[in-house]
Amino acid sequence: MIFRLVMSAEFVAITAALAMPESLQSLGLASFILATAALVVAIFPSPASGVAKVLRPAAVVVLAAPALWMALQAVPMPMDTLGNPIWATASAALGKPLTETITVDKGATMLSLAQYGAVLAAALVTGVITLDRYRAAQVLHILLSIATIATAIWFGKKTDGIGGADGSTVAVLGVLFSCATAIRAADQIARHSRPGTIAPAPLLVLSTATIAMIVCLAALLVRTNSTAVIAALLGSGILLSVFAIRRWFLGLWGTAGVFATAAIIFVASATVIPFRTNTDVTIALSTSSQIATERMLQDVRPAGSGAGASTVLLPLYRDMGIGAPRERPTAAAAMVIDMGSAFLCGVVAIAMLAACILIRRSLSRAYDYVYPALGAGASIALTILAFADHGILSLGASLLVAALFGLAFGQSVSGAGREAMSLESKEASDRMAGPVPASRPRLAPAFLTLWPRVALAVLGIALIIPTIWMILPGWYLGGQSSLAAAISAAAGWPNEISKPVSVAAAHEDFWIRGESRSGKDPALAADEQKTELPAASNAFARALRSSPLRGDIWLMLAAASKQNSIQTAAMLKMSYYTAPNDLDLLPLRLSVALATDAVVRELEFRDLIKRDVSLVVTRRPAIRPALVAAYRSASAEGKIYLENLISELDPTYLDNMRARNSRQGSR
């Protein structure tokens, strides 16, 4: 009963992650459910000795290494070592010492660590559950149902929810699940049917798997590129190769012949995949625009920029403009940017090693060989997909992949479930048969039974901590973080900057976002503003201690420090460099820049201001009123410089701007 509840809870978490857009709430929900599942499996009786065979010391090191590296990226580093240079630059701009870390965004790294913990919990919990062959079959059917339904919804309607960004990955997994289910049903029909009859239950399963495969393949052929289709076919080819070896080509030479044929097909398929030349290998299979990703890869550091940093860095490298294509780095490129190139090489090597191990275990099993073969096929297919798109790093797809590998490795240990379940009865019979043995011989089996429970409990507790960190601020603070409160206070600033401030609030990321529900009157008195602006500045400065690439926060700090032109220039320069292409910040940035003489006089700022004004006049006519607001609040030198710029770009609009300014000034 306990395992049924755990299994149901895990699949609820996977389904919710696929159905909901990626957000702090969806990650918190999935982490909480999976952490609870891990704790329940660790506390209640379970076939833990089988997990001990799967989780050997080498496997524990491999699984823990990414988490340790992510945690290390957020640890303060000595000066001038592995720390990212952005921290020294931000420290100079703030005038306060900041600790250097490898990551450029501590919040994004902590969220990536939480997601990896959820993925690891999903894999281990599935591995424990599927040590029993009957539960393994149920898990396979449920995973097939989830992948097929998600693919069908994605195929029918393009959404950001179910199967949205990771639709092609889920479709490939659906093909693999359906192929494994069909092979298993065919084996059952061949083993259990009497001559001249067909078992009805396996036949129904075979028919359902065939329909699911048709749906997933159709979605891949219509909605994706040839790389995803070939990845699905190659992964399925591994499954079919194992099936053929066990059915018709037993023996060393038969096995060698089948794998030689599979290798030839693999090489032939590689010639069909559209490789991009003269580009980084991590984006060579991508068919979408990867211009910004190429720029990021050129600046990548050996230690990476921190887990989750590729999402934070992308706006800095993306082109400005309305028609700029939306871009997501491939999973391989994101790994290199976030964790370093050595990490990607290690992941690819481990994936290939896992495929070989699973194929060997599949060929050595008497029954249920399809599960480890499924894991081997997924290792090949997902490695190819990692160089084509970003899907496998999405929350829903990554949890589905984790469940797949948990199923594969859980069923790759022959007889694990039976040995674990008979352990207690064996110990009881030994106690009844003779005297109690010495304590030393009993320590080994007791330790083997206990340590997997301890590992699962530690993982569950470690996953609960970031879950509370993600959820508790919203409850404890009434859904309003200190930064959100500061933004609410900033909403009472002068009218010409209140709208950009609200836009910046909307851009608040996962790390510090709290749903702003402030009921404060936006029309604050002047005395209240004098006391609240320093508080807002302090909140903004605290936010920059975790993420110095927040261009919106730098801009609001610049607006809050107008009394000190040197500080304003330093903060404004950081805003230009950390958010150069954020068009939503452009109105406030122009207002602050043109109102400060020290900024207008500096040649570097004059070029940056010219770039913004040119963009507004020539490409963003909808925000031209922002130029009127900036002109009205500009200093004498700022007005002259703005008039000169507009006269060069659109002389007719200069007269219009002066007229609108005079009308608004007379009111």
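As the structure is a prediction and not an experimental result, all values here were calculated from the model. (Residues numbered from 1 in each chain as written. Predicted model: local features only at pLDDT ≥ 70, side-chain atom pairs only at ≥ 80, totals over all residues. Heavy atoms only, no water.)

Right, let's get into the overall build of the protein chain. When you go through the protein chain residue by residue, the secondary structure sums to 31 helices and 0 strands. In the protein chain, the proportion of contacts linking residues at least 24 apart, taken out of those at least 6 apart, comes to 78%. (Helix = DSSP H or I, 4+ residues; strand = E, 2+ residues; numbered from the N terminus. Contact = heavy atoms within 4.5 Å.)

Glancing now at the packing of helix H6 (residues 106-129) against helix H17 (residues 395-410). Between H6 and H17, the shortest axis-to-axis distance is 7 Å and the interhelical angle comes to 30 degrees. Looking at the two axes, H6 sits roughly parallel to H17. As H6 runs across H17, the sense of the crossing is right-handed. Residues Gln-115, Ala-118, Val-119, Ala-122, Ala-123, Thr-126 and Gly-127 of H6 touch H17, and the partners they reach there are Leu-395, Ser-398, Leu-399, Ala-402, Ala-403, Gly-406, Leu-407 and Gly-410. (Axes fitted to C-alpha atoms, helices over the stretch in contact; angles between N-to-C directions. Parallel < 35°, antiparallel > 145°, perpendicular 65-115°, else oblique. Left-handed = near helix turned anticlockwise from the far one by under 90°.)

Another aspect to go through is the confidence of the model for the protein chain. Across the protein chain, the average pLDDT comes to 77, with 75% of residues at or above 70. Considering each helix and strand of the protein chain separately, the mean pLDDT is smallest for helix H22 (residues 495-506), with a value of 37, and largest for helix H14 (residues 331-339), with 94. Contacts of residues 416-434 to residues separated by more than four positions or lying in other chains number 12 contacts, the stretch itself having pLDDT below 50. The low-confidence segment residues 474-533, where pLDDT is below 50, has 95 contacts with residues more than four positions distant or belonging to other chains. (pLDDT = per-residue confidence, 0-100.)

Attention now moves to the nonpolar core. Soluble, globular proteins show a tendency: their nonpolar side chains are buried together. The biggest cluster of nonpolar side chains holds 171 residues, and the ones touching the most others in it are Phe-177, Leu-399, Ile-609 and Leu-627. Among the elements that line this core, the one with the most residues is H6, at 13 residues. The contacts of Leu-399, once residues within four sequence positions are left out, are Ala-13, Ile-14, Ala-17, Ala-30, Leu-34, Ala-118, Val-119 and Ala-122. (Core = buried A, V, L, I, M, F, W, Y, C linked by side-chain atoms within 4.5 Å. Buried < 20%, exposed > 50% of the residue type's maximum accessible area, 1.4 Å probe, protein only.)

Let us look at the pattern of salt bridges. Within this structure, the stated rule accounts for 8 salt bridges. Arg-133 is paired through a salt bridge with Asp-368; the nearest N and O atoms lie 3.1 Å apart. In this pair, Arg-133 is assigned in helix H7 (residues 133-156) and Asp-368 in the loop between helix H15 (341-364) and helix H16 (370-386), connecting sequence segments 235 residues apart. Taking the shortest distance from any N to any O, the salt bridge between Asp-552 and Arg-550 comes out at 2.9 Å. Since its relative accessible area comes to 8%, Arg-550 is described here as buried. Linked by salt bridges that have partners in common, Lys-573, Glu-602 and Glu-604 make up one network. (Salt bridge = Lys/Arg side-chain N within 4 Å of Asp/Glu carboxyl O.)

Right, let's get into the environment of Phe-605. Counting through the fold element by element, Phe-605 comes out in helix H28 (residues 603-619). Considered as a pair, Phe-605 and Tyr-576 are 29 residues apart in the sequence and their alpha carbons are 9.2 Å apart.

Helix length check: H16, at 17 residues, gives a terminal C-alpha distance of 24 Å against a target of 24 Å (1.5 Å per residue), a fit within 8%. Within H16, 17 of the 17 residues are buried, which leaves the element mostly enclosed by the surrounding structure. (Expected span 1.5 Å × (residues − 1).)

Before going further, it helps to spend a moment on the packing of H14 against H15. At a closest axis distance of 7 Å, the pairing of H14 and H15 adopts a crossing angle of 135 degrees. On the basis of their axis angle, the class for H14 and H15 is oblique. For the pair formed by H14 and H15, the contact residues are Ala-332, Met-335, Val-336 and Met-339 on the first element and Ser-341, Phe-343, Leu-344 and Val-347 on the second. The class makeup of the residues in the contact of H14 with H15 is 7 nonpolar, 1 polar and no charged. (Nonpolar A, V, L, I, M, F, W, Y, C, P; charged D, E, K, R; others polar.)

A cluster of nonpolar residues, Ile-2, Leu-5, Ile-43 and Phe-44, forms a patch on the protein surface that exposes about 380 Å² of accessible area. By the element assignment, Ile-43 lies in helix H2 (residues 24-43). Judged by relative accessible area, Ile-43 falls into the exposed class, the value being 64%. (Patch = residues over 30% accessible without salt bridge, like charges linked within 9 Å, V, L, I, M, F, W, Y side chains within 5 Å. Areas by Shrake-Rupley, 256 points an atom, 1.4 Å probe, with all protein chains shown as cover.)

On to the packing of aromatic side chains, then. In total, this model carries 1 aromatic pair according to the counting rule given. The ring of Trp-154 carries the charged tip of Arg-223 above its face, separated from the ring centre by 4.8 Å. One residue, Lys-639, lies across the ring of Tyr-631, its end atom 5.6 Å from the ring centre. (Phe/Tyr/Trp six-rings, centres within 6.5 Å; stacked < 30°, edge-to-face > 60°. Lys NZ or Arg CZ within 6 Å of the ring centre and 35° of its normal.)

Before going further, it helps to examine helix H1 (residues 2-19). The first and last C-alpha atoms of H1 sit 26 Å apart over 18 residues, in line with the 26 Å expected at 1.5 Å per residue. Buried within H1 we find Phe-3, Val-6, Met-7, Glu-10, Phe-11, Ala-13, Ile-14, Ala-16, Ala-17 and Leu-18.

Turning to the environment of Ala-560, a few remarks are in order. With respect to the secondary-structure elements, Ala-560 resides in helix H24 (residues 551-560). In this structure the C-alpha to C-alpha distance between Ala-560 and Val-592, which are 32 residues apart in sequence, comes to 9.6 Å.

Mapped onto the secondary structure, Thr-282 falls in the loop between helix H11 (252-270) and helix H12 (291-298). Looking at Thr-282, its side chain comes within polar contact range of the side chain of Asp-280, at 2.6 Å. In this structure, Thr-282 is in contact with Leu-297, Thr-330, Ala-332, Ala-333, Val-336, Leu-344 and Phe-387, ignoring residues within four places of it in sequence. (Polar contact = N/O pair within 3.5 Å; in protein donor to acceptor, adjacent residues only side chain to side chain.)

To continue, consider the side chain of Arg-184. Mapping Arg-184 onto the fold places it in helix H8 (residues 167-192). Buried and unpaired, Arg-184 has no salt bridge, with Asp-368 as the nearest side chain of opposite charge at 4.3 Å. (Lys, Arg positive; Asp, Glu negative; His and termini not counted.)

Here we come to the environment of Glu-100. Topologically, Glu-100 is positioned in the loop between helix H5 (85-94) and H6. Classification of Glu-100 by relative accessible area gives buried; the value is 4%. Measuring from C-alpha to C-alpha, the distance between Glu-100 and Pro-78 comes to 7.1 Å, with 22 residues separating the pair along the chain.

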